[in-house]
Amino acid sequence: MGHEDHAWKGVGQMEGKERSSDRLSDMLSELREKEVLEMVRNALEEKVNPLSLVEELREGMAEVGRRFERKDYFRSELIMSAEIFKEAIVLIEPHLAAGQGENKGDIVIGTVKGDIHDIGKNIVATLLRCSGYRVHDLGVDVPPEAFVTKLLETNARLLGLSGLLTLAFDSMKETVCKVEQAGLRDRVKVIIGGGPVNEKVVEYTGADAFGKDAAQAVELARLYLEG
Ligand code: B12
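The sections below set out a description of the structure shown in this document. The shown structure was predicted, so the numbers you read here are calculated from the model rather than taken from an experiment.

About the cut-offs
Residues numbered from 1 in each chain as written. Predicted model: local features only at pLDDT ≥ 70, side-chain atom pairs only at ≥ 80, totals over all residues. Heavy atoms only, no water. Salt bridge = Lys/Arg side-chain N within 4 Å of Asp/Glu carboxyl O. Helix = DSSP H or I, 4+ residues; strand = E, 2+ residues; numbered from the N terminus. Buried < 20%, exposed > 50% of the residue type's maximum accessible area, 1.4 Å probe, protein only. Near = heavy atom within 4 Å. Polar contact = N/O pair within 3.5 Å; in protein donor to acceptor, adjacent residues only side chain to side chain. Nonpolar A, V, L, I, M, F, W, Y, C, P; charged D, E, K, R; others polar. Domains from an automatic or database assignment.

## A word on the pattern of salt bridges
Point 1. Inspection of every chain in the model, using the stated rule, returns 15 salt bridges.
Point 2. Ionic pairing is found between Arg 32 and Glu 35, a salt bridge with its closest N-O pair at 2.8 Å.
Point 3. Residue Asp 106 is joined to Arg 134 by a salt bridge in which the shortest nitrogen-to-oxygen separation is 3.5 Å. Taken together, the residues span a long stretch of sequence, with Asp 106 in strand β1 (residues 106–111) and Arg 134 in strand β2 (residues 134–137) at a distance of 28 residues.
Point 4. What makes Arg 134 partly exposed here is its relative accessible area of 46%.
Point 5. One connected set of salt bridges, linked through shared partners, spans Glu 63, Arg 66, Arg 67, Arg 70 and Asp 72.

## Considerations on the site of the ligand
Point 1. Lining the immediate surroundings of the ligand are 38 residues, of which Glu 69, Arg 75, His 117, Asp 118 and Thr 166 lie closest.
Point 2. A distance of 2.7 Å separates a nitrogen atom of the ligand from a polar side-chain atom of Asp 118.
Point 3. The contact in question runs from a nitrogen atom of the ligand to an N or O atom on the side chain of Ser 162, over 2.8 Å.
Point 4. Counting residues per element, the ones that place at least two in the shell around the ligand are α3 (50–69), α4 (75–92), α5 (119–130), β3 (158–162), β4 (189–193) and α9 (214–226).
Point 5. Here the element with the most residues in the shell around the ligand is α3; it accounts for 7 residues.
Point 6. Considering only residue class, the shell around the ligand consists of 19 nonpolar, 11 polar and 8 charged.
Point 7. Taken domain by domain, the shell around the ligand gets at least three of its residues from each of domain 1 (24–95) and domain 2 (106–226).

The structure is reproduced here in C-alpha cells:
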C-alpha cells in the first residue's frame, strides 16, 4: 500500500495552542469532533497507515467505555463517540486497499442476538471485503437461526460473530449450537470478536478462534479459507 508503518508523531499538531492532548485517541475520548476529523484528514494526507488510525480510534472508544463505567459519561456520550468514530471511518475507508474483484470465499457475519454494537463488526466486514472475501453482513441483534439460514443459502465456510456485551457470549454459544444442530459444524469455522472476547470465551462458546481486531479477522479468514 505504500503506507509508512513507523511510529506516528502527532500529525496535525497546532503549535502554540493550549491543548489537553494531541493524541487522536484522547481527542476521541474527549469528544473533540472537529479535531478528530482534522487529524484523520491530515494523517491520511501524510499516508499514515489507515489501520493504525483505526487502532487509535478504538483506543479512544475503550476510554469512553471506561468513563461510562465510572459514570463520568452517560449514554449520550456513548452515542456521540460512536457518531464521531463513524465520521472518521467514512474518511478512512477509501484508503483501505480495495479488493481486486475476486472472491476468495464467502463469509457470514453479524452482531449476535441481544447486542446492537456494530462499529467494530462493520470495520471487520469492510476489511474482509477489501481483502477479497464476499461478506454477507446480517447486521445487529441477529438470531442464531438467521445465521444458519444464511450459511445454508451461501455455502459459506466461515462465520464471524461479533458481540460487546457480556450477554453476547450466551448468544454466541447458542449460535454455535444451532450451527451444529444444522449439521454444518464440520465445514463451517466460527470466529468471534468484540471488546471483551478472549480465549476463555472461545472455549465457552465452542467457537474455533477469536480475533482482537480487524487485521486478525483477515488473518483468520486466510487461515480457514485459503490455508
Ligand atoms: C459506542 C458504544 C455504544 C454505542 C454503540 C453504537 C454502535 N452503532 O455500535 C451505543 C450508545 C448504542 C451503546 C449502547 C449500549 N452499550 Co455500549 N459501548 C460503546 C463503547 C463506548 C465503544 C464500542 C466500540 O464501538 N468500540 C470501537 C470498536 C472499533 O471496537 P470493537 O467493537 O471492540 O471492535 C474491534 C474488535 O473487537 C474486533 N472485532 C469486533 N467484532 C469482531 C468480530 C470478529 C469475528 C472478529 C474476528 C473481530 C471482531 O475488531 C474490531 C475492529 O478493530 C463500548 C466501550 C468498549 N470498551 O468497547 C461500550 C460498551 C460495550 N457498552 C456497554 C453498555 C453497558 C451498553 C448499554 C447496555 C448501555 C445502556 N445502558 O443503554 C447499551 C447496550 C445496547 C445493546 N443491546 O447492545 C458496556 C458493556 C458492558 C458489558 N460487559 O456488558 C461497554 C463495555 C461500556 C462499559 N464499559 O460499561 N454502546
